[in-house]
Structure formats: C-alpha cells, structure tokens
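What the coordinates show
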Amino acid sequence: MVGHYKVVLASNSPRRKELLGGLDIPFEVRVLDGIDESYPAGLPTKEIAGYISKKKADAYQMTMAADELVITADTIVVLAEEVMGKPKDVEEARRMLHALSGRTHQVITGVCLTTTERQVCFSVETDVTFKTLTDEEIDYYISHYRPFDKAGAYGIQEWIGHVGVTGMNGSYFNVMGLPVQRIYEALKGFISCDGIPNR
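What comes next concerns the included structure. (Residues numbered from 1 in each chain as written. Predicted model: local features only at pLDDT ≥ 70, side-chain atom pairs only at ≥ 80, totals over all residues. Heavy atoms only, no water.)

A look at the overall build of the protein
Secondary structure summary: the protein contains seven helices and seven strands in total. In terms of C-alpha radius of gyration, the protein reaches 17 Å, essentially the compact-globule figure of 16 Å for 199 residues. Its C-alpha atoms give the protein principal-axis dimensions of roughly 55 × 35 × 25 Å. Evaluated residue by residue, the protein yields a buried proportion of 46% over its 199 residues. Counted over contacts in the protein with a minimum sequence separation of 6, partners at least 24 positions apart contribute 66%. In the form shown here, the protein has an accessible surface area of approximately 9600 Å², with 51% of it arising from carbon and sulfur atoms. Put simply, the protein has 21 plus and 27 minus side-chain charges, and the middle of one group is 2 Å from the middle of the other. (Helix = DSSP H or I, 4+ residues; strand = E, 2+ residues; numbered from the N terminus. Rg over C-alpha atoms; globule rule 2.2 N^0.38 Å. Buried < 20%, exposed > 50% of the residue type's maximum accessible area, 1.4 Å probe, protein only. Contact = heavy atoms within 4.5 Å. Areas by Shrake-Rupley, 256 points an atom, 1.4 Å probe, with all protein chains shown as cover. Lys, Arg positive; Asp, Glu negative; His and termini not counted. Charge placed at Lys NZ, Arg CZ, Asp CG, Glu CD.)

Written as structure tokens, this is what we have:
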C-alpha cells in the first residue's frame, strides 16, 4: 500500500505506534528534538492541531530522503474554546478532569503526510461526552494512571474512559491520538497520485 516509500512515524507515543501498526504497513519511528510547537495567539482552535502538525512536518522535510514518507500528528482537547494541553501536575490534571466532567468536548488531531515532493494535511474531530465524575473517581484515576503525558489529562483507552465516557461522535482512534482510518485513505490517495496501483 505504501508503494516505494519508507514510512516514518514522527512520534514516540506508544499509542500512535500501536495504532499505525494496526494498518499492517512497515514503518520506523524517528523523533527530532527541539521542534517549536507554539502557535499564533489568534489562531482558531479548530486549526491549532493542524498548524502544529504541519510545523513538525516542515522540520522533518529538511532532513528526509527522497524515498521517505513522514507522518506527523498533533492532538489537542478543546472544551468551550479552551485548549487543554498536558497537565504539569496533579492539581492541573484534577482541574481539567473537573472541567470535562458532565460535559462534551472535542478531540482534534492534525495529521500531515509529507515527502520531499508533496504534502497532504488534514484534521479529524471527535466529540466525547463524560458523565459527571466524582472527586473519588478523578483522584483514583490520577493517582493510578498519572495522565501527565496526555492532552486533557486522560486516555480514553484507560480506566477513566471505561467508567466515564457516556457518548462519542466520531473516531475512537482519533481520541487515542491517531485517526488511522483517515490515514489509511490518505495513504491510498497519496500513492495512487504517483501512478502506483493500490492493493
């Protein structure tokens, strides 16, 4: 499906590695340090993940080989226009989960597929609804799972997702961090543009 390209996943996330591996395509992981992930203050929230993903892709484009296809991604959690990043400590994680409790928020992942010749970028949005979480549930989750590496202070595949998520509209895998169905379709389109038949 990937033609003559060597696919590179530009992420150390174990969740993204697992999800991309589910497509049964060979790939390697390569991570560049020091990429600036800031964005303009006035940028609409729906465009932030895509903006950062493209910024990451542009950093890789300077070093990639002609036969490489690099996948970059960035995931954000948005609640009523507030962007929730990764919590820096227990108190911030608790604040985020209290804010998400009993409400619907959006998880947006921006993705770029990049070669030396071409770039395809898109964003995928999923609505996630939590039940009203108790203080005990929030504290249990934080103490046992320590979600400090996760946007919005939660991983839907973990305990909090099992007990707290009451509804979802969109891709579950997008909430985990990589909308693999859309990536699959984008890869097929990408390769077909090179005149290589898809399997």
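Points about the pairing of strand 6 (residues 119–130)
Pairing analysis gives 11 bridges linking strand 5 (residues 104–114) to strand 6, with the strands arranged antiparallel. By the bridge assignment for strand 6, threonine 109 is matched with valine 124. Between strand 5 and strand 6, which pair antiparallel one after the other, the connecting turn spans four residues. Summarising the sheet, strand 6 and strand 7 (residues 165–169) pair through four bridges and their orientation is antiparallel. When the sheet's bridge partners are listed, phenylalanine 130 is paired in strand 7 with valine 165. (Pairing = 2+ DSSP bridges.)

Details of the packing of aromatic side chains
If you walk through the whole model with that rule in mind, you get four aromatic pairs. When the centroid spacing of 5.7 Å and the interplanar angle of 75° are considered together, the rings of tyrosine 172 and phenylalanine 173 count as edge-to-face. (Phe/Tyr/Trp six-rings, centres within 6.5 Å; stacked < 30°, edge-to-face > 60°.)

Some remarks on the state of the cysteines
By the definition in use, this model includes one disulfide. For cysteine 112, the disulfide goes to cysteine 121, at an S-S distance of 2.2 Å. A torsion of 105° about the S-S bond marks the disulfide between cysteine 112 and cysteine 121 as right-handed. The partly exposed category is assigned to cysteine 121, whose relative accessible area is 38%. (Disulfide = S-S within 2.5 Å.)

So, helix 2 (residues 45–61)
In this model, helix 2 (17 residues) spans 25 Å end to end at C-alpha, consistent with the 24 Å of a helix rising 1.5 Å per residue. The inward-facing, buried residues of helix 2 contact strand 3 (68–79), strand 4 (82–84), strand 5 and strand 6. (Expected span 1.5 Å × (residues − 1).)

Observations concerning the nonpolar core
In this structure, Leu20, Ile71, Leu97, Leu100, Leu113, Tyr154 and Ile183 are the most contacted members of the largest nonpolar core, which totals 44 residues. In terms of residue count, the dominant contributor to this core is helix 7 (residues 180–192) (six residues). Not counting the four nearest positions on each side in its chain, isoleucine 183 is found in contact with Leu20, Leu23, Ile71, Val111, Phe122 and Leu178. By size, the runner-up hydrophobic cluster in this structure holds seven residues, among which are Leu43, Ile48, Val78 and Ile108. (Core = buried A, V, L, I, M, F, W, Y, C linked by side-chain atoms within 4.5 Å.)

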